[in-house]
Amino acid sequence: MSHIPTCTRGPCLFTDGRPAAHCNSEGSTVKKSLGGPLAPKVSALSKSSDLEKKKFTMIYSLPHIKVLRVLSRLKLLQTGITVVVLPPVFILYHMGEVPFFLVSYTTGLSLFAGVMLYATSHFFRRVVGMMYLDSSQTTLKVSHLTFWGRRRDIYLPVSDVMTIGDTGDSVNETILKLKRYSSPQTFYFSIRFGLVVDKKGFQKVFGSLK
């Protein structure tokens, strides 16, 4: 019984896990050349200044990114409060003015809140707020949050971006992965909570939504 290689962009795998020839965006097999397998063709991007001059069209937006921005910046406020509150509490404890219970409770609460905020902030930095596609449909601009809760734009070749099918996700899932062939870095976006502004452009990058 033969095994059929399946993929939509980049390297293919047989259904039993063995590597096969590479496929193009329509899933057709690409012939090998020079006696070895072909790597996914990734076009080199121009300088950031040149990319910023390009005309981009929004294809995806997450309205809730504003809430995530506020929560991401909240950790800075919480850190400031901890730095201000804890020293006086320890001083008052050594002076015998407050019981040990209050010191331990205040310290534990501050540390727990800090760990939770920094942990969630790590996830928030991987959430995609907006995505844009240039007029030639070869460059994807992805906007996400930085550690400080500010916006950061990165530019990716469309040929380097995995389709939803290639990531192993289903379009019906709440959270989807944005992955690249050339990097292990992963971002996250949601069709359920986000808005697909340009369906045709979105499908150009991530494949069919059916």
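Predicted model only: the values in this text are computed from it and were never measured.

Enquirer: So what about the nonpolar core? Which residues, and what values?
Expert: The biggest cluster of nonpolar side chains holds 26 residues, and the ones touching the most others in it are Met131, Leu140, Leu178, Phe189 and Phe206. When contributions to this core are tallied by element, the ones reaching two or more residues are strand 1 (56-61), helix 2 (65-94), strand 2 (128-134), strand 3 (139-145), strand 4 (151-157), strand 5 (176-179), strand 6 (186-189) and helix 5 (199-206). Residues in contact with Leu140, not counting those within four places in the same chain, are Ile59, Met131, Tyr132, Ile154, Tyr155, Leu156, Val158, Val161, Val205 and Phe206.

Enquirer: Let's hear about the layout of surface pockets: which residues, and what values?
Expert: The rolling of a water-molecule-sized probe over the atoms marks out the regions of remaining empty space. Here the second largest pocket is characterised by a volume of approximately 180 Å³. In terms of lining residues, the second largest pocket is bounded by 13 residues, among which Leu62, Leu68, Val127, Ser190 and Phe193 are the most central. Put simply, the parts of the chain that give the lining of the second largest pocket at least two residues each are helix 3 (100-124) and strand 6. Across the lining of the second largest pocket, the residue classes tally to 10 nonpolar, three polar and no charged.

Enquirer: I'd like a rundown of the pattern of salt bridges, residues and numbers included.
Expert: Summed over all chains, the structure comprises three salt bridges. The residue Asp153 makes a salt bridge to Arg151 at a minimum N-O spacing of 3.0 Å. On the accessibility criterion, Asp153 (30% relative accessible area) is partly exposed. For Arg151, a relative accessible area of 42% translates into the label partly exposed. Linking Asp160 and Arg180 is a salt bridge whose minimum nitrogen-to-oxygen distance equals 3.2 Å. One end of the pair, Asp160, is in the loop between strand 4 and helix 4 (164-167); the other, Arg180, is in the loop between strand 5 and strand 6, with 20 residues separating them in the sequence.

Enquirer: Please provide a residue-by-residue account of the confidence of the model for the protein, values included.
Expert: On average, residues of the protein score 79 in pLDDT, and 75% of them reach the 70 mark or higher. Contacts from residues 1-6, a stretch scored under 50 in pLDDT, to residues over four places away or in other chains number 11 contacts. Long-range and interchain partners of residues 13-44, a stretch whose pLDDT sits below 50, account for 56 contacts in this model, where long-range means more than four residues apart.

Enquirer: Please give an account of unusual backbone geometry that cites residues and values.
Expert: The phi dihedral of Gln137 falls on the positive side, at around 60°, and the residue is not glycine. Its location among the elements puts Gln137 in the loop between strand 2 and strand 3.

Enquirer: I'd like a rundown of the sheet that holds strand 7 (residues 195-196), residues and numbers included.
Expert: Reading across the sheet, the five strands line up as 4-3-2-1-7 and stay open at both edges, with antiparallel pairing between neighbours. Here the strands that pair on one side only, and so sit at the sheet edges, are strand 4 and strand 7. Helix-sheet contacts for helix 5 involve strand 1, strand 2, strand 3 and strand 7, and the interaxial angle to strand 2 is about 95°.

Enquirer: Any details on the environment of Gly129? Residues and values, ideally.
Expert: Tracing the backbone shows Gly129 in strand 2. By relative accessible area, Gly129 is classed as buried at 2%. It is 9.4 Å that separates the C-alpha atoms of Gly129 and Leu68, two residues lying 61 residues apart in sequence. Each residue touching Gly129, except ones within four places of it in the same chain, is listed here: Tyr60, Ser61, Leu62, Ile65, Ser143 and His144.

Enquirer: Can you lay out empty space enclosed by the protein for me, pointing to particular residues and giving the numbers?
Expert: Scanning all chains against the criterion turns up one cavity of 30 Å³ or more. Put simply, the largest cavity is a space of about 50 Å³. Residue lining of the largest cavity: Ile65, Arg69, Gly129, Met130, Ser143, His144, Leu145 and Arg151, and that is the complete set. No other element matches strand 3, which puts three residues into the lining of the largest cavity. The class makeup of the residues in the lining of the largest cavity is three nonpolar, three polar and two charged.

Enquirer: Quick one: what's the story with the packing of aromatic side chains, residue by residue and with numbers?
Expert: As enumerated under the stated definition, the model contains 11 aromatic pairs in all. Members of the aromatic cluster, each reached through a chain of ring pairs, are Tyr60, Phe189, Phe202 and Phe206. The ring of Phe56 carries Lys141 above its face, with NZ or CZ at 5.2 Å from the centroid. Above the plane of the ring of Tyr132 lies Lys141, whose end atom (NZ or CZ) is 4.5 Å from the centre.

Enquirer: How would you sum up the side chain of Ser190? Please name residues and give values.
Expert: In this fold, Ser190 is placed in the loop between strand 6 and strand 7. At a separation of 2.6 Å, a polar atom in the side chain of Ser190 contacts the main-chain carbonyl oxygen of Thr174. A polar contact is formed between the side chain of Ser190 and the backbone nitrogen of Phe193, at a distance of 3.1 Å. Excluding its chain neighbours within four sequence positions, the residues that come into contact with Ser190 are Tyr60 and Thr174.

About the cut-offs
Residues numbered from 1 in each chain as written. Predicted model: local features only at pLDDT ≥ 70, side-chain atom pairs only at ≥ 80, totals over all residues. Heavy atoms only, no water. Core = buried A, V, L, I, M, F, W, Y, C linked by side-chain atoms within 4.5 Å. Buried < 20%, exposed > 50% of the residue type's maximum accessible area, 1.4 Å probe, protein only. Helix = DSSP H or I, 4+ residues; strand = E, 2+ residues; numbered from the N terminus. Contact = heavy atoms within 4.5 Å. 1 Å grid on protein atoms, 1.4 Å probe; cavity = no way out; pocket = protein on both sides within 12 Å on 5 of 7 lines; lining within 4 Å. Points joined across faces, edges and corners; volume = space filled by probe spheres on them. Nonpolar A, V, L, I, M, F, W, Y, C, P; charged D, E, K, R; others polar. Salt bridge = Lys/Arg side-chain N within 4 Å of Asp/Glu carboxyl O. pLDDT = per-residue confidence, 0-100. Pairing = 2+ DSSP bridges. Axes fitted to C-alpha atoms, helices over the stretch in contact; angles between N-to-C directions. Phe/Tyr/Trp six-rings, centres within 6.5 Å; stacked < 30°, edge-to-face > 60°. Lys NZ or Arg CZ within 6 Å of the ring centre and 35° of its normal. Polar contact = N/O pair within 3.5 Å; in protein donor to acceptor, adjacent residues only side chain to side chain.

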